[in-house]
Structure formats: structure tokens, C-alpha cells
Amino acid sequence: YARVCMGVRATVTLYAVDEGRAEAAAARAFARIGELDDAMSDYRAGSEVMRLCGRAGEAVGVSEDLFKVLTEAARVSEASGGAFDVTMGPAVALWRRARRTGGLPEAREIDGARPLVDWRLVELSKEERTVRLRREGMRLDLGGIAKGYAAERAVEVLRGEGLSRCMVALAGDMYVGDPPPGKEGWLIAIETERSGRRMGAVMLKNAAVSTSGDTEQFVEVGGVRSSHIIDPRTLLGVTTRRCAAVVSRHGAWADALATAVSVLGAEKSREMIGRFAGTGAVVEEGAAEAGGRPVRTVIDPGGVVGSWWR
């Protein structure tokens, strides 16, 4: 089953004893994704996260889902030294315009956004389940973590319907449940180039895989290609050709860490990946043009990639 959710093509694949039960379960999974989109979209002025941004300076009570996502985001931000940061909203807005117009943001615009971008400006109170944004004008962008979280929550819905042999995919973020009948797992191909060249494949069960890179969205000005992935430390688009595939037991981790690896590169990501149990990554770096081959690095501290990669 397929729909557009969270701005991307979302698919639900499952095994059921009859079509009616399958359709009803898929509808509930899509409804769960829609609920999370209503909470976390920065494109919708009335979403929960945008209402939170409109109350900067206050301690605002939030839903359990939004609090969980912001908690996991803070964990990845700390582990990555700020290479992943959900306060990137003001900078993201500049780069979205750059993709539309083909012109890079001006230095004064980057400087204007800089004081608003710092994951440490998000204060979380676990006891009260509140969030406080410390500076007016802050804007959260959960695009690097929400889809991975939503895919896992949708699989939870399907499990609750008794349909555990399932897979939910939101573009490059996927979560799978139990394997198809008679199979070891779900075989998922990882493509790194718009030409369709494959990076490899993973055989997964009850786990997530997320991919990130500049193969689909970028802006090129003066011969310099800048990714849609922005380095929060510089507020500039990443210029190194890089693709990362992260496998993890948690969808939010896979999604956010794939973005962080795309910013940091393979070597600087080793320690970070090691701080998340059941997680590994495969990274390809360098231009794959004119017959050249990118450099591949496997980061596999827990042995998960070795058991899943095909």
C-alpha cells in the first residue's frame, strides 16, 4: 500500500490472511504516520512543533511522541558533537530557497541564523514533559529524525493488529518487523546514485535502515556542489560527495545518525556509532564519476553490519 506521507512516498508492505484485514491494518499504520506528521511538520503552521517554536522562552508541555523525538535528537547531537541538530530550521529555510533559486545564501543571512542554531538551547524536562526553546526566533526542523521514528511507530501499529511480518518505508527511512514467510529477513537494496548503482543490500528483521546523502537534493553554484545536508557547525551545505547507510534497532537512531555521518564523514563517525548499541554504518565517499569508484568504509563496532550486509 502506498500514500504520500511526510512529504515523501510512504509504503506499507505486510502479510495477512485476507485482504480486508490487510487494508484495515495498513490504513491504521498510515493514520499513525499522519498523526506524527501533524505533530512534527515544519511545513504546517499549526503543527505541534511549530506551535512550540511560537512560544520560545516558555516551558511548553508536549506530546509523548514529540518529547521522545527531541530526547533522542539531543542524544545524537551530543554524541556527534553537534553534527546533528534539530534547531537548524533558520538555516534550512535559507538552503531551501537556495535550491529553488540556484543562488547560495548571503554571508549576512548565515550570520543572522547562527545565534539560533544550537541543540543545547533546547531544554527538556523529563519530569514535567516540557520543552523550552531558550531564544526567540528558534525554529526546529525534525526532517532528519521524524521519518525514522514514524516508520517504527507504524510497524508497532501493525504488530498490534497481529501482523508482525511487515515493512514500512518513508523514502530512505525503513523499519521492518518479522521476516516474510520462509525468509531470513527483508532484503533491501541500498542505492547511492540516481543512475541506480547499488551500494549493496541489507537483510533485516525487526530493525531499521536509513540512507542519507546528496544524490537527490543539492544546489550547484560556480561549479561547487552543495548538499541539502547542512553542517550545523558552519551552516553551509556539505560539499563532499558522501552516502551513508545506517542500520539500527531504533528508527530514530538510524535516521538521525545517517544525517550525522553524512556531515562528519566515515572516520570521524566511528566513536559516535559505537555509542549506540545494535547500530552500524556503511559509508561511501568521493565522486563516482567518469568511472571512478568511491571509497567505502564499514563502521561495525557491534557486528551488526557484518550479519546483515549482502
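Scroll up a little and you will see the structure.
An account of the accompanying structure is given in this report. (Residues numbered from 1 in each chain as written. Predicted model: local features only at pLDDT ≥ 70, side-chain atom pairs only at ≥ 80, totals over all residues. Heavy atoms only, no water.)

### Some details on the side chain of Ser248
At step 1: By the secondary structure assignment, Ser248 is in strand S15 (residues 242–248).
At step 2: Ser248 sits in the buried class, given a relative accessible area of 0%.
At step 3: In this structure the side chain of Ser248 is engaged in a polar contact, spanning 3.2 Å, whose partner is the backbone nitrogen of His250.
At step 4: One polar contact links Ser248 to Thr279, side chain to side chain, over a distance of 2.9 Å. (Helix = DSSP H or I, 4+ residues; strand = E, 2+ residues; numbered from the N terminus. Buried < 20%, exposed > 50% of the residue type's maximum accessible area, 1.4 Å probe, protein only. Polar contact = N/O pair within 3.5 Å; in protein donor to acceptor, adjacent residues only side chain to side chain.)

### Brief notes about the pattern of salt bridges
At step 1: What the rule picks out here adds up to 22 salt bridges.
At step 2: Where Arg96 meets Asp141, a salt bridge forms, and the shortest distance between an N and an O atom there is 3.5 Å. Of this pair, Arg96 sits in helix H4 (residues 89–101) while Asp141 sits in the loop between strand S5 (130–133) and helix H6 (146–160), and the two are 45 residues apart along the sequence.
At step 3: The class of Arg96 is buried, set by a relative accessible area of 17%.
At step 4: The class for Asp141 is buried, based on a relative accessible area of 12%.
At step 5: Among the salt bridges present, the one from Arg296 reaches Glu284, with a minimum N-O distance of 2.8 Å. Of this pair, Arg296 sits in strand S17 (residues 295–299) while Glu284 sits in strand S16 (residues 280–285), placing them 12 residues apart in sequence.
At step 6: Residue class for Arg296 comes out partly exposed when judged on its relative accessible area of 40%.
At step 7: Three or more residues joined by partner-sharing salt bridges are found here, namely Asp42, Arg96, Arg139 and Asp141. (Salt bridge = Lys/Arg side-chain N within 4 Å of Asp/Glu carboxyl O.)

### What to know about the sheet that holds S17
At step 1: Ordered in space as S1-S2-S6-S7-S10-S15-S16-S17, the eight strands form an open sheet in which the pairing is antiparallel. At either margin of the open sheet sits one strand with a lone partner, and together these are strand S1 (2–5) and S17. Neighbour to neighbour, the strand axes of the sheet diverge by 15° on average, direction disregarded.
At step 2: Pairing analysis gives five bridges linking strand S2 (residues 8–14) to strand S6 (residues 166–170), with the strands arranged antiparallel. When the sheet's bridge partners are listed, Thr11 is paired in S6 with Ala169.
At step 3: Contacts from helix H1 (residues 19–40) reach S1, S2 and S6, with the element oriented near 145° to S2. (Pairing = 2+ DSSP bridges. Axes fitted to C-alpha atoms, helices over the stretch in contact; angles between N-to-C directions. Contact = heavy atoms within 4.5 Å.)

### Describing the packing of aromatic side chains
At step 1: Tallying each qualifying case throughout the model produces two aromatic pairs.
At step 2: Between Tyr15 and Trp186 the ring centres are 6.1 Å apart and the planes differ by 55°, which places this aromatic pair in the tilted class. Of the two residues, Tyr15 is situated in the loop between S2 and H1 and Trp186 in strand S8 (residues 186–191); the sequence distance between them amounts to 171 residues.
At step 3: The class for Trp186 is buried, based on a relative accessible area of 9%.
At step 4: Seen in terms of ring centroids, Trp253 and Phe276 are 5.1 Å apart; in terms of plane orientation they differ by 75°. Their pairing is edge-to-face. In this pair, Trp253 sits in helix H7 (residues 251–264) while Phe276 sits in the loop between helix H8 (266–274) and S16, placing the two residues 23 residues apart along the sequence.
At step 5: With a relative accessible area of 9%, Trp253 lands in the buried category.
At step 6: Accessibility expressed as a relative area gives 3% for Phe276, which makes it buried. (Phe/Tyr/Trp six-rings, centres within 6.5 Å; stacked < 30°, edge-to-face > 60°.)

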